[in-house]
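Survey of secondary and tertiary structure
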Amino acid sequence: MRTYAMTGGATGIGAELKRQLLAAGHRVISVDIKEGDVIADLSTAAGRQAAIDGVRALSPEGLDAFIPCAGLPPVAKPFSLIAQVNYFAVVATVEGLRDLLAKKKGNVLFVSSNSAPMIGTADPFVQACLAGDEAAACAMVEGRDGQTAYGGSKRAVTIWMRRHVVEYAAAGIRLNAVAPGITMTPLTDRVLADKEFGPAIKAFGDMVPVGYNAQPVHIANVMRFMLSDEASYLCGSVFFVDGGSDAMLRPDDF
Ligand code: NAD
């Protein structure tokens, strides 16, 4: 039996992963704003600290893995919330739980997106995130658009993961990321219902090479593998699980 901690386990991809890990006999500590073992609003510094404290209290022996899965869609308002939850909360909780992960030579599975490559690393919002300047990143993104906030936060969190691979590996902790494509969850329902984003996301979903959009189980199956002993040499990897969308858009880049 392994001990996993995760955020965003109440619905969607996180809920399916939690179900699978529990079914395999593992222990899962779930942090969420809605329901879970620890209730915390990850958009705030106080909420992030409550999340860290709550997980620490429940797993003093250490963690086999941490999955910061909570996230907000490009239609969430204000846009600064997207930066706060999708980037700054992820970095804060990973860093806050680092010693617990080191105790068990655990791993972290970040949740990126196939929209991450759509925003450039040089984008000022991405750079403000990577500089750790939450106030600047939030102020900057308010004047931008939801796609920049969402794709940019996912780009930044994936780069943060890659930049910290060597340092964390030296402490026995492996970092990896899954990058899902459109997946039928409450997050996607919100996007589809949006006047501005809905038609675009529907059109993109209709173009997925495999011919259909993912269900949470398609993503969680791969995440469970990435967390397993079979994937113990995985370190710094980004797995696109998107039915071929990224290959369709960027065939020459990998
Ligand atoms: P979801 O809305 O079903 O789940 C998100 C979870 O995050 C929910 O349980 C929600 O309560 C929690 N959450 C949101 N704001 C929070 C806050 N302030 N504090 C604490 N918890 C909070 O969405 P999902 O589609 O399952 O998304 C899971 C992850 O997958 C997200 O990081 C998302 O960006 C990513 N993702 C989703 C898709 C997709 O198409 N659904 C594609 C790529 C990446």
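One structure accompanies this document, and this report is about it. (Residues numbered from 1 in each chain as written. Predicted model: local features only at pLDDT ≥ 70, side-chain atom pairs only at ≥ 80, totals over all residues. Heavy atoms only, no water.)

**Points about unusual backbone geometry**
With the exception of glycine, the majority of residues adopt a negative phi angle, and the majority of peptide bonds are in the trans configuration. Just so we agree on the cut-off: What counts as a helix is a DSSP run of H or I of at least four residues, what counts as a strand is a run of E of at least two, and both are numbered from the N terminus.
Residue K77 is joined to P78 through a cis peptide bond whose omega torsion reads -10°. Inspection of the secondary structure assignment puts P78 in the loop between β4 (65-68) and α3 (79-96).

**What to know about the sheet that holds β4**
Selection rule: Pairing between two strands requires that DSSP report at least two bridges joining them. Here, residues are in contact when the closest pair of their heavy atoms is within 4.5 Å. For helices, the axis comes from a line fit to the C-alpha atoms of the stretch in contact; other axes are also lines fit to C-alpha atoms, and the angle between any two N-to-C directions lies between 0 and 180 degrees.
Sheet architecture is open: seven strands sit in the order β3-β2-β1-β4-β5-β6-β7, paired in parallel fashion. The sheet is open, and its two edges are formed by β3 (38-39) and β7 (238-241), each paired on a single side. Relative to strand β6 (residues 174-180), strand β5 (residues 107-111) runs parallel, the two being bridged by five bridges. Following the sheet pairing, V108 is matched in β6 by L175. Across the sheet, helix α7 (residues 146-163) is in contact with β5, β6 and β7; its angle to β5 comes to roughly 160°.

**Thoughts on the pattern of salt bridges**
Going by this rule: One side-chain nitrogen of Lys or Arg within 4 Å of one carboxyl oxygen of Asp or Glu is enough to make a salt bridge. The rule is simple: take the accessible area with a 1.4 Å probe, protein chains only, and divide by the maximum for that residue type; under 20% is buried, over 50% is exposed, in between is partly exposed.
For the coordinates displayed, the defined rule picks out ten salt bridges. For R19, the salt bridge identified is with E16, shortest N-O distance 2.8 Å. Of this pair, R19 and E16 both sit in helix α1 (residues 12-23), three residues apart, which is roughly one turn of the helix. Residue classification places R19 among the partly exposed positions, given a relative accessible area of 48%. Among the salt bridges present, the one from R48 reaches E134, with a minimum N-O distance of 2.9 Å. Remark: E134 occurs in helix α6 (residues 134-142) and R48 occurs in helix α2 (residues 45-58); sequence separation between them is 86 residues. On the basis of relative accessible area, R48 is assigned to the buried category, the value being 6%.

The quantities given are spatial measurements derived from coordinates; they are silent on function.
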